[in-house]
Amino acid sequence: MKLPIFLDNHSTTPMDPHVLDAMLPYFVEKFGNAASRNHAFGWEAEEAVDQARKQIAKLINADSKEIVFTSGATESDNLAVKGVLEMYKEKGTHIITSSTEHRAVLDTAKSLEAKGLATVTYLPVDKYGMVNPDDVRSAITDKTILISVMLANNEIGTINPVQEIGKIAKAKGILFHCDATQGVGKIPVDVQAMGIDLMSFTAHKMYGPKGVGALYVRKKNPRVRLVAQIDGGGHERGMRSGTLPVPLIVGFGKACELCEQNMAAESARLTAMRNRLQAAIMEGLEESYLNGHPTNRLPGNLNISFAYVEGESLLMGMKDIALSSGSACTSATLEPSYVLRALGVGVELAHSSIRFGLGRFNTDEEIDYTIKKVIEIVTKLREMSPLYEMAKEGVDLKSVQWAAH
Amino acid sequence: MAYSDKVVDHFNNPRNMGSFKKDEEGIGTGMVGAPECGDVMKLQIKVQNDTIVDAKFKTFGCGSAIASSSLATEWLKGKTIEEAQQIKNTDIVQELNLPPVKIHCSVLAEDAIKAALADYQKKVGDKTEAAT
Ligand SMILES: Cc1ncc(COP(=O)(O)O)c(C=O)c1O
Ligand code: FES
């Protein structure tokens, strides 16, 4: 077993070697510009892009013409929200989204609000992090032009009832955008069955390369139109100009094909591994609390708060395991995870959270090592924690007058 | 963020981690911070003849907060009350090489020292009052 162990597969994933193999010919040998219509170099590149578009479309049950390449999910989210608003602003400027979206959606919405271009409703989530479709329905006004709700959350892995939200959107004739970045390639995604009109995803979360993503844009029932946010040569049906990064796109296509082939087996393997990790940690440590939905979540996700210890110190104590925490001490803002806060997790427990992200290349041996380390370090830091000491002495921490600063 | 070697050393080998009984003779206890802020520091001193003969800490917080309080206990030992008053958070920042985002962890340590000293002095004061 090699250290450090990578257990942060929600932040990014290592590239699958098969993906790299597929990409390699497209750097030096087959370097053409896919938009060059007049020579073999261009045709070769275009063919490779077409092939990748098919692989990608197939994974989400779309038509290959509905795939618009971008630089990643952040750009896709921006293009979807801003592009739809600009195109349909005569109809209305109200957008519905949820409070646990990725910042690529939330900050886009906030910036539109700040500029006075849109009004936004941020829906609450339940204690598991799920959006209630009834809340979506009752937030709709005659000015609503877009509903943007994510498929699976990047911190807690909770999966939203996207299909029901899609139905509501369709019935009201409102466009539905879904940030499916964490879900595509991990769980079945079907834009038809789910009633999705626009969908963001990215290659580097599914064992593909960094720097390429896609926005699915529905072509019929209804035909969705967008105002491009990057002007230029009119690539991608005029929705996103710029020379296509052919090697990245080829890798993206291959990554989608591999995910499709392996999804059932991989998801079963990761779910079992995750469940074992969860059970061992929660049995080994009192007062550890699961964040997110107990069952309805991504196969590789586990988010736990360890009462009385602070997240960053946990990460520091487990230096040879790459993990992430919702603690404020790891961020510049001093505010702990807004996602956990939205579920109603107390600030103290939000500071104490650790996210485990399991992926394709993790092994049972690595999980064994992680279980041992987590129990060891939490126990050690609790010994060091004045809060744990007080709790053991029977002091009710809520009743203490803290000198907050 | 990369931690300085000194922070890592204090984190891995905390000095003087533990607690004294609060009501023991000559003990001053300072508890600062709040769980909602992600940091709580408890610092205790044991004083004999105006000199700090022992110190202990317990900290809930990031690695830099743990290192700051561990260092503080090292520095406190052997100092007089007077000398201990002079310890500044900037000394801790310098010694541990803390980056700007971690300065508040050192401020917390200074506050904890001040609180422990004040608690000791209050206890002594109360006692002298009771005696007279
Ligand atoms: C839900 C979600 N949306 C968007 C993004 C941004 O993706 P990218 O890094 O491709 O811009 C991420 C990745 O952090 C994510 O998890
Ligand atoms: S205790 Fe939060 S940054 Fe140090």
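This text follows the structure it describes.
Rules used throughout
- Residues numbered from 1 in each chain as written.
- Chains lettered and ligands numbered in written order.
- Predicted model: local features only at pLDDT ≥ 70, side-chain atom pairs only at ≥ 80, totals over all residues.
- Heavy atoms only, no water.
- Helix = DSSP H or I, 4+ residues; strand = E, 2+ residues; numbered from the N terminus.
- Rg over C-alpha atoms; globule rule 2.2 N^0.38 Å.
- Buried < 20%, exposed > 50% of the residue type's maximum accessible area, 1.4 Å probe, protein only.
- Contact = heavy atoms within 4.5 Å.
- Buried area = accessible area lost by both parts, 1.4 Å probe.
- Salt bridge = Lys/Arg side-chain N within 4 Å of Asp/Glu carboxyl O.
- Polar contact = N/O pair within 3.5 Å; in protein donor to acceptor, adjacent residues only side chain to side chain.
- 1 Å grid on protein atoms, 1.4 Å probe; cavity = no way out; pocket = protein on both sides within 12 Å on 5 of 7 lines; lining within 4 Å.
- Points joined across faces, edges and corners; volume = space filled by probe spheres on them.
- Nonpolar A, V, L, I, M, F, W, Y, C, P; charged D, E, K, R; others polar.
- Pairing = 2+ DSSP bridges.
- Axes fitted to C-alpha atoms, helices over the stretch in contact; angles between N-to-C directions.
- Phe/Tyr/Trp six-rings, centres within 6.5 Å; stacked < 30°, edge-to-face > 60°.
- Near = heavy atom within 4 Å.
- Sits in = over half its atoms within 2 Å of the grid points.
- Expected span 1.5 Å × (residues − 1).
- Bend = angle between axes of the 7 residues up to and from the residue.
- Core = buried A, V, L, I, M, F, W, Y, C linked by side-chain atoms within 4.5 Å.

### Examining the overall build of chain A
So, point 1. If you tally the helices and strands in chain A, you get twelve helices and 13 strands.
So, point 2. Taken against the 2.2 N^0.38 rule, which gives 22 Å for 405 residues, the C-alpha radius of gyration of chain A at 22 Å falls within 12% of a compact globule.
So, point 3. Out of the 405 residues in chain A, the part that is buried amounts to 58%.
So, point 4. Taking all contacts inside chain A whose residues are at least 6 apart in sequence as the whole, residues at least 24 apart take part in 72%.

### Some points on the interface of chain B and chain A
So, point 1. Between chain B and chain A, the contact holds 29 residues from the first and 27 residues from the second.
So, point 2. Across the chain B to chain A interface the summed buried area is about 2,500 Å²; carbon plus sulfur atoms make up 69%.
So, point 3. For the interface between chain B and chain A, the tally reads three salt bridges.
So, point 4. Ionic pairing is found between K42 of chain B and E389 of chain A, a salt bridge with its closest N-O pair at 2.5 Å.
So, point 5. For the interface between chain B and chain A, the tally reads twelve residue pairs in polar contact (both at pLDDT 80 or more).
So, point 6. Among the elements of the structure, α1 (5-12), β1 (27-34), β2 (39-48), β3 (51-60), α2 (63-76) and α5 (103-131) of chain B are those that each provide at least two residues to the side of chain B that touches chain A.

### Let's talk about empty space enclosed by the protein
Residue and element names in this part refer to chain A.
So, point 1. One pass over the full model with this rule turns up two cavities of 30 Å³ or more.
So, point 2. The space that makes up the largest cavity amounts to roughly 90 Å³.
So, point 3. Every residue lining the largest cavity is listed: N9, H10, Q182, K186, Y207, L270, L298, P299, G300 and L358.
So, point 4. Residue composition of the lining of the largest cavity, by class: five nonpolar, four polar and one charged.
So, point 5. In this model, the second largest cavity occupies a volume close to 40 Å³.
So, point 6. Around the second largest cavity sit G185, K186, M263, E266, S267, L270 and P299, which together line it.

### With respect to the sheet that holds β2 of chain B
Residue and element names in this part refer to chain B.
So, point 1. The strand order β1-β2-β3 describes an open sheet built from three strands, whose pairing is antiparallel. Of all strands in the sheet, those with a lone pairing partner are β1 and β3, marking the two edges. Each strand axis lies, on average, 15 degrees off the axis of its neighbour in the sheet, ignoring direction.
So, point 2. Here β2 runs beside β3; their pairing, made up of nine bridges, is antiparallel.

### Section: the pattern of salt bridges
All names here are of chain A.
So, point 1. As enumerated under the stated definition, the model contains 25 salt bridges over all chains in all.
So, point 2. Among the ionic pairs, D364 bridges to R276, the shortest N-O distance being 3.5 Å. Of the two residues, D364 sits in helix α11 (residues 364-383) while R276 sits in helix α7 (residues 246-284), which places them 88 residues apart along the sequence.
So, point 3. Judged by relative accessible area, D364 falls into the partly exposed class, the value being 46%.

### A short note on the packing of aromatic side chains
Residue and element names in this part refer to chain A.
So, point 1. By the definition in use, this model includes five aromatic pairs over all chains.
So, point 2. An angle of 35 degrees between the planes, with centres 5.3 Å apart, marks the rings of F31 and F41 as tilted. Of this pair, F31 sits in the loop between α1 (17-23) and α2 (40-59) while F41 is found in helix α2, placing the two residues ten residues apart along the sequence.
So, point 3. Accessibility expressed as a relative area gives 43% for F41, which makes it partly exposed.

### Some remarks on the site of ligand 1
All names here are of chain A.
So, point 1. The full set close to ligand 1 counts 13 residues, and T74, D179, Q182, T202 and K205 are the nearest of them.
So, point 2. Take Q182: an N or O atom from its side chain is 2.8 Å from an oxygen atom of ligand 1.
So, point 3. Counting atoms within 2 Å of the grid points, the majority share of ligand 1 lands in the largest pocket.
So, point 4. Grouping the amino acids of the shell around ligand 1 by side-chain chemistry returns two nonpolar, eight polar and three charged.

### Details of α7 of chain A
So, point 1. Taking 1.5 Å of rise per residue, 39 residues should cover 57 Å, yet α7 of chain A covers just 49 Å from first to last C-alpha, more than 12% shy of that figure.
So, point 2. For α7 of chain A, the principal kink sits at M263 of chain A and spans about 70 degrees.

### Digging into the pairing of strand β10 (residues 301-306) of chain A
Residues and elements named next belong to chain A.
So, point 1. Counting buried residues along β10, six of its six residues qualify, which places the element largely inside the surrounding structure.
So, point 2. With burial as the criterion, each face of β10 is covered, one bearing N301, N303 and S305 and the other bearing L302, I304 and F306.
So, point 3. With three bridges joining them, strand β9 (residues 288-290) and β10 adopt antiparallel strand pairing. If you follow S288 over to β10, its bridge partner there is F306.
So, point 4. Two elements, β10 and strand β13 (residues 353-357), share five bridges in a ladder whose sense is antiparallel. Counted as the bridge partner of L302 is F356 from β13.

### Regarding the layout of surface pockets
All names here are of chain A.
So, point 1. Here the largest pocket is characterised by a volume of approximately 950 Å³.
So, point 2. If you go around the largest pocket, you meet 40 residues; those closest to its centre are H102, R103, N154, E155 and Y338.
So, point 3. Taken together, the elements giving at least two residues each to the lining of the largest pocket come down to α3 (73-88), α4 (103-114), β12 (324-325), α9 (338-342) and β13.
So, point 4. Take the lining of the largest pocket: its biggest share by element is five residues, from α4.

### Digging into the nonpolar core
So, point 1. Membership of the largest hydrophobic core comes to 67 residues, with the highest contact counts inside it found for I60, I147, M199 and F252 of chain A.
So, point 2. Looking at which element gives the most residues to this core, the answer is α7 of chain A, with ten residues.
So, point 3. By size, the runner-up hydrophobic cluster in this structure holds 61 residues, among which are V374 of chain A together with A55, A109 and I113 of chain B.

### Quick notes on α2 of chain A
Residues and elements named next belong to chain A.
So, point 1. The terminal C-alpha atoms of α2 lie 29 Å apart, and with 20 residues this matches the ideal 28 Å at 1.5 Å per residue to within 8%.
So, point 2. Listing the buried residues of α2 in full gives G42, A45, A48, V49, A52, R53, Q55, I56, A57 and L59.
So, point 3. Looking at the buried residues of α2, the elements they touch are β2 (67-70), β7 (198-202) and α7.
So, point 4. Backbone geometry just after α2 places N61 at a positive phi near 55 degrees.

### Focus: the side chain of K373 of chain A
So, point 1. As for its placement among the helices and strands, K373 of chain A is situated in helix α11.
So, point 2. Apart from residues lying up to four places away in sequence, K373 of chain A is in contact with M318, D320 and I321 of chain A.

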